[in-house]
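The primary structure of each chain is shown beneath.
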Amino acid sequence: VQLQASGGGLVQAGGSLRLSCAASGRTFSLYLMGWFRQAPGKEREFVATISGSGGSSRYADSVKGRFTISRDNAKNTVDLQMNSLKPEDTAVYYCAQPYDRSVGASSMVWEYDYWGQGTQVTVSS
């Protein structure tokens, strides 16, 4: 499995960015996908997850109402639309996929086995 994240950049507070993650290697629609982030000096934390069908999603409280996760199973991509960005959203953002297709709506880093390379998001105040 290969995951390739893109779309990061520098944006002012209140602005928007859209991250995308392209997956390859196995049947994409069978697996949960997640976005995580890691700020300097902090542990990697959950941002959002979406089911294989795209029918259900889950968000960290810190991003609820501002971020939207979506996926296109025909294109094997998962996106993260980030609006109303805040300086505390600054981090490297990672897309991730579990090995086990039975994993559901998990926010736990350890349940995800495959990780993209990360894309930097910097929000200036």
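Residues numbered from 1 in each chain as written. Predicted model: local features only at pLDDT ≥ 70, side-chain atom pairs only at ≥ 80, totals over all residues. Heavy atoms only, no water.

Break down the pairing of strand β11 (residues 119-124) for me, citing the residues and quoting the values.
Alternating positions in β11 separate cleanly, T119, V121 and V123 being buried on one face and Q120, T122 and S124 remaining unburied on the opposite face. Strand direction decides the pairing type here: strand β2 (residues 9-12) and β11, joined by 4 bridges, are parallel. Bridge pairing in β11 places G9 opposite V121. (Buried < 20%, exposed > 50% of the residue type's maximum accessible area, 1.4 Å probe, protein only. Helix = DSSP H or I, 4+ residues; strand = E, 2+ residues; numbered from the N terminus. Pairing = 2+ DSSP bridges.)

Before we move on, can you summarise the packing of aromatic side chains with the specific residues and values?
Considering all chains together, one arrives at 5 aromatic pairs under this definition. Seen from their ring centres, F36 and F46 are 5.8 Å apart, and the 70° between their planes marks the pair as edge-to-face. Of this pair, F36 sits in strand β4 (residues 33-38) while F46 sits in strand β5 (residues 45-50); the two residues are 10 residues apart in sequence, bridging distant segments of the chain. Accessibility expressed as a relative area gives 0% for F36, which makes it buried. Using a relative accessible area of 12% as the deciding quantity, one classes F46 as buried. Grouping aromatic residues by their ring pairs yields a cluster made of F36, F46, Y94, Y112 and W115. Lying across the ring of Y31, R26 places its NZ or CZ 3.5 Å from the centre. In this arrangement the basic side chain of R71 is found over the ring face of F28, its NZ or CZ atom lying 4.2 Å from the centre. (Phe/Tyr/Trp six-rings, centres within 6.5 Å; stacked < 30°, edge-to-face > 60°. Lys NZ or Arg CZ within 6 Å of the ring centre and 35° of its normal.)

Describe the sheet that holds strand β7 (residues 67-72), and please don't skip the residues or the numbers.
Pairing in this open sheet of 4 strands is antiparallel, and the strands run β1-β3-β8-β7 from one edge to the other. The outermost strands of the open sheet, each flanked by one partner alone, are β1 (2-6) and β7. Each strand axis lies, on average, 15° off the axis of its neighbour in the sheet, ignoring direction. (Axes fitted to C-alpha atoms, helices over the stretch in contact; angles between N-to-C directions.)

Before we move on, can you summarise the state of the cysteines with the specific residues and values?
As enumerated under the stated definition, the model contains 1 disulfide in all. Note that C21 is cross-linked by a disulfide to C95, the S-S spacing being 2.1 Å. The sign of the S-S torsion, about 65°, decides the handedness of the disulfide formed by C21 and C95: right-handed. Highlighted residues: C21 in strand β3 (residues 17-24) and C95 in strand β9 (residues 91-97), separated in sequence by 74 residues. (Disulfide = S-S within 2.5 Å.)

Break down unusual backbone geometry for me, citing the residues and quoting the values.
Although it is not a glycine, S84 adopts a positive phi angle of roughly 50°. Checked against the element boundaries, S84 lands in the loop between β8 (77-82) and β9. S84 gets classed as partly exposed once you look at its relative accessible area, which sits at 41%. With a phi angle near 45°, A105 is a residue other than glycine that sits in the positive phi range.

Keep in mind that these numbers describe shape and distance, not what the molecule does.
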